[in-house]
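# Geometric and topological summary
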Amino acid sequence: MDVVTPASQSKAIVPDFPGFLAQIAAEIPAHCILTRSDQTKVYECDGLSLYREQPPVVLLPENEAQVIAILKACQQHNMPVVPRGSGTGLSGGATPHPQGVVIGLAKLNRIVRLDPATCTAVVGPGVRNLAISEAAAPHGLYYAPDPSSQIACSIGGNVAENSGGVHCLKYGLTVHNVIRVRVVTIEGEVIELGGEAPDAPGLNLLQAFVGSEGMLGLVTEVTVKLIPRPQLARVIMASFPSVELAGEGVTRIIADGIIPAGLELMDKRSVHMVEPFVNAGYDLDAEAILLCESDGTPDEVAEEIERVEALLKEVGASRLQVSSSETERLKFWAGRKNAFPAAGRISPDYYCMDGTIPRRHLGRVLGAIEQMESRFGLRCSNVFHAGDGNLHPLILFDANKPGEIERAEEFGAAILELCVEVGGTITGEHGVGLEKINQMCTQFSREELDAFSAFKRAFDPYGLLNPLKLIPTLVRCAEYGKMHVHQGEVRFPDIPRF
């Protein structure tokens, strides 16, 4: 498999490293410049530790003026730039460039303004996701997107990856909850995309910027929407004798016009992996469990819970349990949100995938993943945002055993290509990073990839912003063998590509 690595894409850029360091030392405080090996070692990867590259220098600016100075120096001295938030990303988007600089934005962590009247908050990119909701709580408000890493992940990183979470079905991803970003370009120019008014002048570039993984500019300020905290939220935990029936339960709920606050599915292996870790009260005899949350006024919640329970009974749920308190509701969700760390109880290593499929194909895809376990000789635990078809298979492996890393990567690639085959996408919320560049050849036509490249050049004509995460070339796609490059054909041409 032709897996991209930092060394394989670093030859075209020849930075002036001594000149850059001399200039930056005159403009940035010494304590913001990390060059010793013991200092930079911790920045060698993000949450996807399969890809590692120790950066020669890490810069930790403390304000926007320093970000501007750094980027101007990078452009002048041809220095590749890799922006980094909290390092919780799962696709290698923050993997350093071997000849470049990592710019960590964690120190830009001030909540600039929180306005209950307009239900907005203006925050620095280093502000933690959960900290926004904590600051808004006294006003009865919160920030809706809640990735599993929300206790640690930064809002700047969320913007870079278009993060979601268990409540994204009803309340949307980051792109639906960010209304303005302040960005510094590679030339040190400050631009603003979006705005607090219902519309903004010029081209609507905000939605294109969210999810761009640091390839277009560095965020120095974000304005997010806040929403009123619901009066009540309750969770139904439903057990099923098969994953297929649980998937049918998801389909029936959505088909009935119900949009739950959260709708998550876990297979038996995931349940057994998580339950000893959090003691959430999961049914260990079930082949799959479904978590369905309803929120709103007490009357709205009661009506929706009643409708969902009736639908799940019709589908064949073997057990239904409704949270009786806020503590129990949070415990039900704690199991789902701790699925990734709980994998360490049963496997030395895991590889978390992120693909999206049409909901009607849940049973088919999960059945195919089960067959892949035999094909690749590895176990897979499935947890995912069932309501919007966003899969998160956890491929379990041991990096100390020869060949298991390679088989895990091949297993992941096969899952992503299956997602495209059934009309889905190669990513839902983790981004492309280094991990999925080959699969872009599977999903997108040559014309689409060329359009992506042209858009990046408009923002970054020098090719210095996160350059390892290149949009794949025609030759690369041909070598990978997954695209009819002579005609630019792609499966399901009628489906929108994101």
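Everything that follows concerns the structure shown earlier in this document.
Residues numbered from 1 in each chain as written. Predicted model: local features only at pLDDT ≥ 70, side-chain atom pairs only at ≥ 80, totals over all residues. Heavy atoms only, no water.

### Some points on the overall build of the protein chain
In terms of helices and strands, the protein chain carries 18 helices and 19 strands. The globule rule puts the C-alpha radius of gyration for 498 residues at 23 Å, and the 23 Å found for the protein chain is close to it. Overall, the protein chain is about 70 × 55 × 45 Å in size when its C-alpha atoms are taken along their principal axes. Expressed as a percentage of contacts within the protein chain between residues at least 6 apart in sequence, the contacts between residues at least 24 apart total 74%. Carbon together with sulfur atoms contributes 52% to the accessible area of the protein chain, which is approximately 19900 Å² in total. (Helix = DSSP H or I, 4+ residues; strand = E, 2+ residues; numbered from the N terminus. Rg over C-alpha atoms; globule rule 2.2 N^0.38 Å. Contact = heavy atoms within 4.5 Å. Areas by Shrake-Rupley, 256 points an atom, 1.4 Å probe, with all protein chains shown as cover.)

### Points about the packing of aromatic side chains
For the coordinates displayed, the defined rule picks out four aromatic pairs. Residues Phe376 and Phe411 carry aromatic rings whose centres are separated by 5.2 Å and whose planes lie at 20° to one another, so their mutual orientation is stacked. Remark: Phe411 occurs in helix H15 (residues 404–421) and Phe376 occurs in helix H14 (residues 362–376); sequence separation between them is 35 residues. Here the aromatic rings of Phe455 and Phe459 are separated by 5.3 Å at their centres, their planes lie at 55°, and the arrangement is tilted. Of this pair, Phe455 and Phe459 both sit in helix H17 (residues 446–459), separated by four residues, roughly a single helical turn. Of the residues examined, Phe455 reaches a relative accessible area of 29% and is grouped as partly exposed. Take Phe459: its relative accessible area is 14%, and that puts it in the buried class. (Phe/Tyr/Trp six-rings, centres within 6.5 Å; stacked < 30°, edge-to-face > 60°. Buried < 20%, exposed > 50% of the residue type's maximum accessible area, 1.4 Å probe, protein only.)

### Some details on the environment of Pro393
Position of Pro393 relative to the elements: it lies in strand S19 (residues 390–397). Once the C-alpha coordinates of Pro393 and Cys380 are considered, the two residues, 13 residues apart in sequence, prove to be 6.4 Å apart. The contact partners of Pro393, leaving out residues within four places of it in the chain, are Tyr351, Cys352, Met353, Ile369, Cys380, Ser381, Asn382, Val383 and Ile415.

### Quick notes on the side chain of Ser323
Within the fold, Ser323 resides in the loop between strand S15 (319–322) and helix H12 (326–337). By relative accessible area, Ser323 is classed as buried at 2%. When sequence neighbours within four positions are dropped, the list of residues in contact with Ser323 reads Arg234, Val235, Glu328, Arg329 and Phe332.

### Observations concerning the sheet that holds strand S1 (residues 33–34)
Strand order in the open sheet formed by four strands is S1-S2-S4-S3, with mixed pairing between adjacent strands. In this open sheet, the two strands that pair with only one neighbour each are S1 and strand S3 (81–84). Sheet analysis places S3 next to strand S4 (residues 101–104), joined by four bridges and oriented parallel. Each bridged residue has a counterpart across the sheet, and for Val81 the counterpart in S4 is Val101. Sheet strands touched by helix H1 (residues 17–27): S1 and strand S2 (57–59). Its angle to S2, the strand with the most contacts, is close to 30°. Running at roughly 165° to S4, helix H3 (residues 64–76) makes contact with S2, S3 and S4 of the sheet. (Pairing = 2+ DSSP bridges. Axes fitted to C-alpha atoms, helices over the stretch in contact; angles between N-to-C directions.)

### Looking at the sheet that holds strand S6 (residues 120–123)
Spatially, the five strands line up as an open sheet ordered S5-S6-S10-S8-S9, and their pairing is antiparallel. Each of the sheet's edge strands pairs with one partner strand only, and the pair in question is strand S5 (111–115) and strand S9 (190–194). For this sheet, the mean angle separating the axes of adjacent strands, direction not counted, is 10°. With four bridges connecting them, S6 and strand S10 (residues 218–225) associate as antiparallel partners.

### With respect to the packing of H1 against H3
For any two helices packed against each other, one specifies the crossing angle of their axes together with the interaxial distance. Between H1 and H3, the shortest axis-to-axis distance is 10 Å and the interhelical angle comes to 165°. As far as their axial angle goes, H3 and H1 are roughly antiparallel. For the pair H1 and H3, the crossing hand works out as right-handed. Contacts between H1 and H3 involve Phe20, Gln23, Ile24 and Glu27 on the former and, on the latter, Ala69, Ile70, Ala73, Cys74 and Gln76. Along the lines of polarity and charge, the residues of the contact of H1 with H3 split into six nonpolar, two polar and one charged. (Parallel < 35°, antiparallel > 145°, perpendicular 65-115°, else oblique. Left-handed = near helix turned anticlockwise from the far one by under 90°. Nonpolar A, V, L, I, M, F, W, Y, C, P; charged D, E, K, R; others polar.)

### Describing the pattern of salt bridges
This model, assessed by the stated rule, comprises 26 salt bridges. A salt bridge links Asp354 to Lys436, with the shortest nitrogen-to-oxygen separation between them at 3.2 Å. Of the two residues, Asp354 sits in the loop between strand S16 (349–352) and strand S17 (355–356) while Lys436 sits in the loop between H15 and helix H16 (437–443), which places them 82 residues apart along the sequence. Residue Lys436 is classed as buried on the basis of its relative accessible area, which comes to 0%. Within this structure, Glu64, Arg180, Arg182, Glu192 and Glu221 form a network of salt bridges that share partners. (Salt bridge = Lys/Arg side-chain N within 4 Å of Asp/Glu carboxyl O.)

### Observations concerning a negative patch on the surface
Residues Asp299, Glu300, Glu303 and Glu306 make up a contiguous surface patch of negative charge. Residue position: Asp299 is located in helix H11 (residues 298–315). (Patch = residues over 30% accessible without salt bridge, like charges linked within 9 Å, V, L, I, M, F, W, Y side chains within 5 Å. Lys, Arg positive; Asp, Glu negative; His and termini not counted. Charge placed at Lys NZ, Arg CZ, Asp CG, Glu CD.)

### With respect to the nonpolar core
Among the nonpolar cores identified, the biggest contains 62 residues, and Leu290, Leu312, Ile395 and Phe411 are the most heavily contacted of them. Take this core: its biggest share by element is eight residues, from H15. When near neighbours in sequence (up to four residues on either side) are disregarded, Phe411 contacts Ile369, Met372, Glu373, Phe376, Leu378, Cys380 and Ile395. (Core = buried A, V, L, I, M, F, W, Y, C linked by side-chain atoms within 4.5 Å.)

Keep in mind these values describe shape, not function.
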